[in-house]
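# Residue-level structural notes
Now for the letters of each chain:
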Amino acid sequence: MANQSIHTPNPDVEVLRSAQLTGDATADDIESIRKRTSVYVYEVPVRLWHWVNALAIMVLCITGWFIGSPPPSMQIAEATHQFVFGYIRFAHFAAGMILTFGFLGRFYWSFVGNHHARQLFRLPLLNKHWWSEIWFEVRWYLFLEREPKKYVGHNPLAQAAMFFFMTLGITFMIVTGFALYAEGAGQGSLPDTLFGWLIPLVGNSQTVHSLHHLGMWSIVIFVIIHIYVAIREDIMSRQSMVSTMISGHRTFKDDRPE
Ligand code: HEM
Ligand code: HEM
């Protein structure tokens, strides 16, 4: 059927000669390429932040798990020559710093980046239509709607989930994490001056440990659902998903207006 594409009368097709080179592009294929355009949504800093943040959170969850449930001392060497738990805590604090500065950078980008970059920090709570779209997305995720809708940025349900579990969730982990860190850094240190007030406010250090620990589980639940939904929507929705967080471009699978 390759000949079909070569003799097609459509002038746009002339531009797509490389698509015909392998001989497996039909006229229909070429017409489809012409219609399915993409929108540049996630700029480089947003994509970079996404993957660095994901990596930092993985490290924080694994090392945080060990901090909360320390393994019995390991028989690698004489006790005085081991530093296993020190390395675990060091990895936690290093990833914690990366998470914190990355998040501040991402917040800054919400002011200077494109308008999609704002979605993570500003919810259109007074917009009635936004709320009805949330309900629609709940039904779509529950397989109660037949036809998904098109969104250029995050869909309203994803936006709300990202705001509560990530924007508020990361802020909560930073504040509680640095309050705990302040205990080690000592009175009068910068972490103590900035976050030391939390422990007396909450009551005691153990309560902050427990809240910080619970925060981890809410983030773990988000991540599991998030990865499931990203892959599910890549397959079932009318637009690209995972590759959008890699290349920045959202490609649409059809050219219907709604
Ligand atoms: C610890 C792991 C992860 C965390 C904490 C995380 C967090 C986030 C956050 C906060 C956003 C919003 C980005 C923004 O607006 O700046 C986002 C978007 C996104 N993430 Fe992740 N992510 C993780 C892993 C993954 C993985 C493994 C994938 C791919 C399978 C993925 C795919 C996506 C996609 C496709 C979007 C854009 C969704 C949309 O356009 O509505 N994420 N993620
Ligand atoms: C997604 C982010 C984070 C996760 C999932 C996480 C997870 C955890 C967990 C599960 C614990 C053990 C709590 C317990 O049961 O006692 C912990 C402890 C701790 N975390 Fe985090 N954390 C995060 C971010 C941070 C940040 C940003 C800091 C700031 C530097 C931080 C500093 C600490 C400190 C100081 C401890 C106590 C260490 C100790 O007692 O030895 N965490 N974290």
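## Let's talk about the overall build of the protein
Regarding its fold elements, the protein presents 12 helices and 2 strands. Since a compact globule built from 258 residues should have a radius of gyration of about 18 Å, the 24 Å found for the protein marks it as more spread out than a globular shape. Each principal axis of the C-alpha distribution contributes one length, and for the protein these read about 80 × 50 × 35 Å. Counting contacts in the protein only where the partners sit at least 6 residues apart, residues at least 24 apart contribute 56% of the total.

## Here's the deal with the site of ligand 2
Neighbouring residues of ligand 2: 24 residues in total, closest Gly64, Gly68, Gly96, Gly177 and His209. Partitioning the shell around ligand 2 into residue classes produces 14 nonpolar, 9 polar and 1 charged.

## A few points about the site of ligand 1
Taken together, 21 residues surround ligand 1, and among them Ala54, His154, Met166, Ala230 and Met245 come closest. For the shell around ligand 1, the elements supplying multiple residues, two or more each, are helix H5 (44-68), helix H8 (156-185), helix H11 (205-236) and helix H12 (244-247). Considered class by class, the residues forming the shell around ligand 1 number 15 nonpolar, 6 polar and no charged.

## Considering the environment of Leu123
Positionally, Leu123 belongs in the loop between helix H6 (84-112) and helix H7 (128-141). Between the alpha carbons of Leu123 and Gly196 there is a distance of 30 Å; along the sequence they are 73 residues apart. Once residues lying within four places of it in the same chain are set aside, the contact partners of Leu123 are Gln159, Ala160 and Phe163.

## Observations regarding the domain arrangement of the protein
Annotation of the protein at the domain level lists domain 1 (1-35) and domain 2 (38-251). Here domain 1 and domain 2 have C-alpha centroids that lie 44 Å from each other.

## What about the environment of Ser32?
Considering the arrangement of structural elements, one finds Ser32 in helix H4 (residues 27-35). Using a count of 14 C-beta atoms within 10 Å as the deciding quantity, one classes Ser32 as partly exposed. Sequence-wise, Ser32 and Pro70 are 38 residues apart; in three dimensions their C-alpha atoms are separated by 56 Å.

## Comments concerning H5
The periodicity of an α-helix, 3.6 residues per turn, causes residues three or four places apart in sequence to face the same way. With 25 residues, H5 should cover 36 Å at 1.5 Å per step; its first-to-last C-alpha distance of 35 Å lies within 8% of that length. Every buried residue belonging to H5 is among Val46, Ala56, Ile57, Leu60, Thr63 and Gly64, and all of these are buried. Contact partners of the buried residues in H5: H6 and H11.

## Some thoughts on unusual backbone geometry
Phi at Phe143 is positive, roughly 65 degrees, even though this residue is not glycine. Here Phe143 shows up in the loop between H7 and H8. Residue Phe143 is classed as exposed on the basis of its 8 C-beta neighbours within 10 Å.

## Some thoughts on H11
For H11, built from 32 residues, the straight-helix expectation of 46 Å at 1.5 Å per residue is met to within 8% by its first-to-last C-alpha distance of 46 Å. Listed as buried for H11 are Val208, Gly215, Ile219 and Glu233.

Conventions used here
Residues numbered from 1 in each chain as written. Chains lettered and ligands numbered in written order. Predicted model: local features only at pLDDT ≥ 70, side-chain atom pairs only at ≥ 80, totals over all residues. Helix = DSSP H or I, 4+ residues; strand = E, 2+ residues; numbered from the N terminus. Rg over C-alpha atoms; globule rule 2.2 N^0.38 Å. Contact = placed C-beta atoms within 7 Å. Near = placed C-beta within 6 Å. Nonpolar A, V, L, I, M, F, W, Y, C, P; charged D, E, K, R; others polar. Domains from an automatic or database assignment. Buried ≥ 20, exposed ≤ 12 C-beta atoms within 10 Å, placed from the backbone. Expected span 1.5 Å × (residues − 1).

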